[in-house]
Amino acid sequence: MGPIADLFPTDLPSGTVHLKSILVAGVQVRLAKATQKVAKTAEFSHARTKSGGVYSAEMTNCGAYGWWSDAEGYRYTEIDPRSGAPWPQMPKSFTEALKVALSGTTVADFKPDACLINHYVAGTKMGLHQDKDEADFARPIVTVSLGAAADFLIGGFDRSDKPTSVLVESGDVFIMGGESRMRFHGIRKIYSGSSPLPCLEGRLSLTFRKAT
Ligand SMILES: O=C(O)CCC(=O)C(=O)O
C-alpha cells in the first residue's frame, strides 16, 4: 500500500495498514490531553442504539461532523444531539499527528471532517460492525490508538466471517481503506493496566472519518 506499509509487512488483508508505534510518546500525550479538552465541551457518554441497546465504550466527537446514535438511529450531525451545540473543533494536534502518520501512505491526502472518539475501560468491547454512515466509501477510516493496548478484530464482509485479532498499542495507527474499507471490525479486549501514558488509564481510539 505504499513505502511505509512495506516496512511493516503483515498478514493483514489488502487495504488495511497497521502503522506500529508511528506516534511518539510526546505526541500521544498531546493527543490524550487534547481529547480531555474536547470532552470538557462534549462529554463522553454511552450512545444508544435505536432499539435501546447501550454501547459499552463511551463516545464523543470533534470536527465539523460527529457520529451519534440514539432513539433516532445512527447518523452524522453537525450538532451534538445531547447539548444542541456544535461539536468541538478538531484540535490542531489531531490533524498534525494524522498528517505525520499518513505521510508516505497512499492515503496521505486524507482530510477527515469528523473524529469519533471512543473511550474504553477494563471489560469494555465493541462488537463487530461496518462503518457505513459516511457518504463516500472510497475514503478510509483511520484510527489512532492511545493508552491501554487492545485486541482489534478485523473480519470479512459478513458478520459471521472469522476475524483476525491484531494487538493495537498506544501510538499505533490503523488504516481501513480500499478493498478493506467495509470489513467488519471491532474491539475484543482491553488490556487494563497496560497504558504507557500517565495521563490516561484506559484506551482512547480517535477514529478519523470523512462524513460528507
Ligand atoms: O476502537 C477502535 O479501535 C475501533 C473503533 C471502531 O471500530 C469505530 O469507532 O467504529
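For the structure itself, consult the block above.
Residues numbered from 1 in each chain as written. Predicted model: local features only at pLDDT ≥ 70, side-chain atom pairs only at ≥ 80, totals over all residues. Heavy atoms only, no water.

(A) Just the overall build of the protein, in detail. Secondary structure summary: the protein contains 3 helices and 12 strands in total. By the compact-globule yardstick of 17 Å for 212 residues, the protein fits well, its C-alpha radius of gyration being 16 Å. Taking the principal axes of the C-alpha coordinates as reference, the protein spans close to 45 × 40 × 35 Å. Residues counted as buried form 52% of the 212 residues belonging to the protein. By sequence separation, contacts in the protein at least 24 residues apart represent 72% of the contacts at least 6 residues apart. A gap of 3 Å separates the mean positions of the 24 positive and 22 negative side-chain charges of the protein. (Helix = DSSP H or I, 4+ residues; strand = E, 2+ residues; numbered from the N terminus. Rg over C-alpha atoms; globule rule 2.2 N^0.38 Å. Buried < 20%, exposed > 50% of the residue type's maximum accessible area, 1.4 Å probe, protein only. Contact = heavy atoms within 4.5 Å. Lys, Arg positive; Asp, Glu negative; His and termini not counted. Charge placed at Lys NZ, Arg CZ, Asp CG, Glu CD.)

(B) Molecular detail of unusual backbone geometry. Residue Ser 21 is not a glycine yet carries a positive backbone phi of 50°. Structurally, the position occupied by Ser 21 is in the loop between strand 1 (16–19) and helix 2 (25–41). Taking the relative accessible area as the measure of exposure, Ser 21 reaches 52% and is therefore exposed.

(C) Structural view of the side chain of Ser 93. Mapped onto the elements of the fold, Ser 93 is located in helix 3 (residues 92–102). Aside from chain neighbours lying at most four places away, what touches Ser 93 is Arg 30, Leu 31 and Ala 34.

(D) Up close: the sheet that holds strand 11 (residues 185–190). On the basis of which strands lie adjacent, the open sheet formed by 4 strands has the order 6-11-8-9 and antiparallel pairing. Both edges of this open sheet fall to strand 6 (126–129) and strand 9 (164–168), since each of them pairs with a single strand only. Pairwise comparison of adjacent strand axes, ignoring direction, gives a mean angle of 25° for this sheet. Note that strand 8 (residues 150–154) and strand 11 share 5 bridges and pair antiparallel. Residue pairing across strands places Phe 152 opposite Ile 187, the latter belonging to strand 11. (Pairing = 2+ DSSP bridges. Axes fitted to C-alpha atoms, helices over the stretch in contact; angles between N-to-C directions.)

(E) Structural view of the site of the ligand. Around the ligand, a shell composed of 14 residues is seen, among which Asn 118, Tyr 120, His 129, Arg 203 and Ser 205 lie nearest. Between Asp 131 and the ligand, the recorded distance is 3.1 Å, taken from a side-chain N or O atom to an oxygen atom. Here an oxygen atom of the ligand and a side-chain polar atom of Arg 209 are 3.1 Å apart. Protein burial of the ligand: of its 300 Å² of free accessible surface, 97% is covered by the chains. The pocket occupied by the ligand, as judged from atoms lying within 2 Å of grid points, is the largest pocket. Those elements that provide at least two residues to the shell around the ligand are strand 5 (114–120), strand 6, strand 11 and strand 12 (203–209). Among the elements that line the shell around the ligand, the one with the most residues is strand 12, at 4 residues. (Near = heavy atom within 4 Å. Polar contact = N/O pair within 3.5 Å; in protein donor to acceptor, adjacent residues only side chain to side chain. Areas by Shrake-Rupley, 256 points an atom, 1.4 Å probe, with all protein chains shown as cover. 1 Å grid on protein atoms, 1.4 Å probe; cavity = no way out; pocket = protein on both sides within 12 Å on 5 of 7 lines; lining within 4 Å. Sits in = over half its atoms within 2 Å of the grid points.)

(F) Main features of the layout of surface pockets. If you add up the space inside the largest pocket, you get close to 590 Å³. As for the largest pocket, its lining consists of 33 residues, of which Met 126, Gly 127, His 129, Gln 130 and Asp 131 are closest to the centre. Its residues assigned to classes, the lining of the largest pocket comprises 15 nonpolar, 10 polar and 8 charged. Approximately 180 Å³ is the volume found for the second largest pocket. For the lining of the second largest pocket, the class distribution of residues is 5 nonpolar, 1 polar and 3 charged. (Points joined across faces, edges and corners; volume = space filled by probe spheres on them. Nonpolar A, V, L, I, M, F, W, Y, C, P; charged D, E, K, R; others polar.)

(G) Broad picture of the environment of Val 142. Tracing the sequence through the fold places Val 142 in strand 7 (residues 141–147). When the C-alpha atoms of Val 142 and Trp 67 are compared, they prove to be 15 Å apart, with 75 residues separating the residues in sequence. Residue contacts for Val 142: discarding those within four places in its chain leaves Leu 98, Leu 102, Phe 110, Val 173, Phe 174, Ile 175, Leu 206, Thr 207 and Phe 208.

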